[in-house]
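Here is how the chains run, residue by residue.
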Amino acid sequence: MSDQDKHGEALGRIDTTVPHSARIWNYWLGGKDNYPVDRAAGEQFRETFPGVIEVARASRLFLTRSVRYLAGEAGVRQFLDVGTGLPTVDNTHEVAQRVAPDARVVYVDNDPLVLVHARALLTGTPQGVTDYVDADLHDPGHILDIAAKTLDFSRPVALILSGIMGHVPDGDEARSIVRSLLEPLPPGSHLSLNDGTSVVAGEAAENAQQDYNEGGAAAYTLRSPEEIGRFFDGLELVEPGLVSCPLWRPESDAFGTPEPVDAFGAVGRKP
């Protein structure tokens with residue numbers, strides 16, 4: 001199948017009558033790759049929980065800082081970004097290859113709109129490699145099989161799971177997926193993961209999430225920081241450990257210490 005045929009097939013799979021989480025997040029982050037139904041769902045969420053915009057931005061900035069750390073201080077040169085969503089500012093390959101031009105990055109998603117924009121993701125540095133895999137989070141074996149065509153699993157890999165594990169409501173299944181993705185990765189590999197909570201905003205965040213889940217988009221489960229921490233079982237947490245995303249290695253800011261939001265994340269190293 002030609003690239004044009006694949007492009008047309010992906011376009012045909014896009015349902016513009018039902019809100020989609022990747023497009024809603026794109027809207028919250030100021031992107032343009034969304035539809036009226038996504039904007040309506042995003043605004044409804046924001047009416048109940050105005051802080052969702054800060055949560056979306058904090059999650060994105062955590063991704064940026066953690067990838068910069070991994071490519072820089074940790075010396076990782078391979079990245080597997082699962083559930084990447086729609087391209088926006090400072091995608092994983094852009095941050096990693098800015099630090100290490102020879103970094104190899106594989107994106108994984110199963111959203112047809114992301115497929116349409118795959119070419120935008122596939123523009124990395126001449127020294128590095130950027131690839132895209134159309135696969136489902138619930139099939140980690142398939143993800144790893146295809147990623148192994150681009151990544152060398154005998155060398156450390158950074159697994160990126162940014163705001164995605166909440167789409168797996170069962171805690172045991174979610175942890176099993178993360179373990180399966182980490183298992184073949186060698187010592188020195190890392191996990192960068194962040195997900196949503198309700199410990200900061202409480203009832204407002206919980207009510208907004210419940211309304212969102214009943215609105216037709218893929219449901220998302222808020223977890224406690226302790227539950228998020230279990231994804232890192234067996235890993236060595238990088239300082240400062242599991243914290244609200246704005247508090248993870250914040251950059252210098254003239255406005256003082258950043259405020260916590262309902263997104264918690266950490267980076268862990270596989271011993």
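Now for a look at the structure at hand. Quantities reported herein were computed from a predicted structural model and do not represent experimental measurements. The residue count restarts for each chain, going from 1 along the sequence in the order it is written. Local features in this predicted model are restricted to residues of pLDDT 70 or higher, and side-chain atom pairs are both shown and tallied only at a pLDDT of 80 or more, whereas totals for entire chains, interfaces and linings draw on every residue. With hydrogens and water excluded, all non-hydrogen atoms of the structure serve as input to the side-chain values.

### Focus on the overall build of the protein
By definition, any uninterrupted DSSP run of H or I lasting at least four residues is a helix, any uninterrupted run of E lasting at least two residues is a strand, and each is numbered from the N terminus. On a plain count of helices and strands, the protein comes out with 11 helices and 8 strands. Radius of gyration here uses only the C-alpha atoms, and the compact-globule reference equals 2.2 Å multiplied by the residue count raised to the power 0.38. Over its C-alpha trace the protein gives a radius of gyration of 18 Å, about what one expects of a compact globule, namely 18 Å for 271 residues. Considering only C-alpha atoms, the protein reaches an extent of 45 × 45 × 40 Å along its principal axes. Each residue is placed in one exposure class: buried if its accessible area under a 1.4 Å probe, protein chains only, is under 20% of its type's maximum, exposed if it is over 50%, and partly exposed if it falls in between. Counting the 271 residues in the protein, one finds 48% classified as buried. By definition in these notes, contact holds between two residues if any of their heavy atoms fall within 4.5 Å. Taking as baseline every contact in the protein between residues at least 6 positions apart, the subset at least 24 positions apart corresponds to 72%. Residue exposure ignores everything except the shown protein chains as possible cover, and the areas themselves are Shrake-Rupley values with a 1.4 Å probe. Counting only carbon and sulfur atoms, one obtains 50% of the accessible surface of the protein, whose full area is about 12300 Å².

### Notes on the side chain of S192
Residue position: S192 is located in strand 5 (residues 190–196). Those residues in contact with S192 that sit more than four places away from it in its chain are F62, S66, L70, L159, I160, L161, A266 and V267.

### Comments concerning the side chain of R65
If you trace the backbone, R65 turns up in helix 4 (residues 52–71). Although R65 lies buried, it forms no salt bridge, and the closest oppositely charged side chain, E251, sits 5.6 Å away as judged by the N-O distance. Residues in contact with R65, not counting those within four places in the same chain, are C245, P246, W248, R249, P250 and E251. Here the positive residues are Lys and Arg and the negative ones are Asp and Glu; neither His nor the chain ends is included. Each salt bridge in this description consists of a side-chain nitrogen of Lys or Arg and a carboxyl oxygen of Asp or Glu lying within 4 Å of one another.

### So, the environment of S66
Position of S66 relative to the elements: it lies in helix 4. In this structure, the C-alpha to C-alpha distance between S66 and A158, residues 92 residues apart in sequence, is 10.0 Å. Setting aside anything within four residues of it in sequence, one finds S66 in contact with S192, W248 and V267.

### Structural notes on the pairing of strand 8 (residues 263–269)
Counted residue by residue, strand 8 has 6 buried out of 7 residues, so it is predominantly covered. Bridge count for strand 5 against strand 8 is 7 bridges, and the pairing is antiparallel. Note on strand 8: the bridge partner recorded for G196 is A263. Paired strands are those between which DSSP finds at least two bridges. The pairing of strand 6 (residues 236–237) with strand 8 spans 2 bridges and is classified as antiparallel. From the neighbouring strand, L237 faces strand 8, where its bridge partner is G268. In the sheet, strand 7 (residues 243–244) pairs with strand 8 via 2 bridges, with the strands oriented antiparallel. Within strand 8, the position partnered with S244 by the bridge is F264.

### Structural notes on the pattern of salt bridges
Scanning the entire structure with this criterion turns up 9 salt bridges. Linking D38 and R23 is a salt bridge whose minimum nitrogen-to-oxygen distance equals 2.6 Å. With D38 in helix 3 (residues 36–48) and R23 in helix 2 (residues 21–28), the pair connects residues that are 15 residues apart, well separated along the chain. An identical accessibility class is assigned to D38 and R23; each is buried. The partner of R46 in a salt bridge is E43, and the shortest N-O contact between them spans 2.7 Å. With a gap of 3 residues between them, R46 and E43 both fall in helix 3, about one helical turn apart. Residue classification places E43 among the partly exposed residues on the basis of a relative accessible area of 24%.

### A closer look at the packing of aromatic side chains
Put simply, two rings from Phe, Tyr or Trp (the six-membered ring, in Trp's case) pair if the centres are within 6.5 Å, and we call them stacked under 30 degrees between planes, edge-to-face over 60, tilted for the rest. For the coordinates displayed, the defined rule picks out 6 aromatic pairs. On the basis of an interplanar angle of 80° and a centroid distance of 6.1 Å, the ring pair of Y69 and W248 is categorised as edge-to-face. Highlighted residues: Y69 in helix 4 and W248 in the loop between strand 7 and strand 8, separated in sequence by 179 residues. Here Y69 matches W248 in class, with each residue buried. Taken together, the ring pairs connect W25, W28, F45, F49 and Y212 into an aromatic cluster. In this structure, R249 packs its charged tip against the face of W248, placed 5.5 Å from the ring centre. Two thresholds decide whether a charge sits over a ring: the Lys NZ or Arg CZ must be within 6 Å of the ring centre and within 35 degrees of the ring normal.

### Regarding the nonpolar core
Throughout, nonpolar core names a set of buried Ala, Val, Leu, Ile, Met, Phe, Trp, Tyr and Cys residues whose side chains join them through atoms within 4.5 Å. The biggest cluster of nonpolar side chains holds 45 residues, and the ones touching the most others in it are L70 and F79. A135, L159, M165 and F232 belong to the second largest nonpolar core, which has 32 residues in total.

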